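Residue-level structural notes
Spelled out from the first residue to the last, the chains are:
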Amino acid sequence: MDLFAPTSPANLLPCDGDSRYFETLLGQGEADDFYRRLHQEIDWQRDRVTLYGRDILTKRAVAWHGDGPCAYTYSHNTKIAQPWTPALVELKAKVEALSGDRFNCCLLNLYHSGEEGMAWHADDEKELHPNGAIASVSLGEARRFLFRHQQTKQKCEIELAHGSLLLMRPPTQDHWHHSLPPMRRVKGARINLTFRSHATEKR
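Residues numbered from 1 in each chain as written. Predicted model: local features only at pLDDT ≥ 70, side-chain atom pairs only at ≥ 80, totals over all residues. Heavy atoms only, no water.

A separate point is helix H1 (residues 28–41). Here H1 is 14 residues long and its end C-alpha atoms lie 20 Å apart, about the 20 Å a rise of 1.5 Å per residue gives. Those residues of H1 lying buried are Ala 31, Phe 34, Arg 37 and Leu 38. Looking straight down H1, one finds its buried side chains confined to an arc of 135°; they lie on one side. In H1, the exposed positions that point more than 90 degrees away from the buried face belong to Gln 28, Gly 29 and Gln 40. Each element contacted by the buried residues of H1 is listed here: helix H2 (86–99), strand S6 (105–111), strand S8 (134–140) and strand S13 (190–196). (Helix = DSSP H or I, 4+ residues; strand = E, 2+ residues; numbered from the N terminus. Expected span 1.5 Å × (residues − 1). Buried < 20%, exposed > 50% of the residue type's maximum accessible area, 1.4 Å probe, protein only. Arc of directions from axis to C-beta. Contact = heavy atoms within 4.5 Å.)

Here the second largest pocket is characterised by a volume of approximately 200 Å³. If you trace the second largest pocket, you find 16 residues lining it, with Asp 123, Asp 124, His 129, Pro 130 and Gln 173 closest to the centre. By residue number, the principal contributor to the lining of the second largest pocket is helix H3 (residues 172–175), which donates three residues. Considered class by class, the residues forming the lining of the second largest pocket number seven nonpolar, five polar and four charged. (1 Å grid on protein atoms, 1.4 Å probe; cavity = no way out; pocket = protein on both sides within 12 Å on 5 of 7 lines; lining within 4 Å. Points joined across faces, edges and corners; volume = space filled by probe spheres on them. Nonpolar A, V, L, I, M, F, W, Y, C, P; charged D, E, K, R; others polar.)

A full pass over the atoms with the stated rule returns 10 salt bridges. Across the salt bridge formed by Arg 37 and Glu 41, the nearest N and O atoms sit 3.7 Å from each other. Here the residue Arg 37 and the residue Glu 41 both occupy positions in helix H1, the gap between them amounting to four residues, near one helical turn. Look at Arg 37 and you get buried, because its relative accessible area is 15%. Asp 123 is the salt-bridge partner of Arg 196, the closest N and O atoms lying 3.7 Å from each other. Placement of Arg 196 in strand S13 and of Asp 123 in the loop between strand S7 (118–121) and S8 is noted, with a sequence separation of 73 residues between them. One salt-bridge network, held together by shared partners, links Asp 33, Arg 36, Arg 37, Glu 41 and Glu 90. (Salt bridge = Lys/Arg side-chain N within 4 Å of Asp/Glu carboxyl O.)

Next up, the structure:
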């Protein structure tokens, strides 16, 4: 698919990046089914992080899957990729068909309610291909998602719907941070999958 064709979603960012939002990667029934299957198939684990000298467990749960036992380090946590589950294989195929990209790993986050979120950050870890896209699939409760330019502090906001895809292309991660702010009025859970390209080959 040509993301820059006239029918492609508009770029959400005014400069220094390219991020496109596809509201209906999955229909309602498909999205419901994948949400249920991922709850069952994934071995969800909470991250252990050090905060102010204390070891704590995060509220959200995570998982890391990929083509092989590749390592991924973020927030001082190193994970070894688990094999793809059937639901992840199917979702990856749908994302690749729409985007035209190929992905070899996926980081999953399970937010149990709107009280759980993610602080400002960029997905720029050294293990990832610098020219790789990041495809973010949302399942469950709709949540606000914010971009903030690293120099100008300009912000952009979108609501990520159940069954949607947010495709972030270079150089988005070089110039923009993003976050998932808490929404205490949201009581239900959300699963987020970010398909990525791990730099398994030497550069």
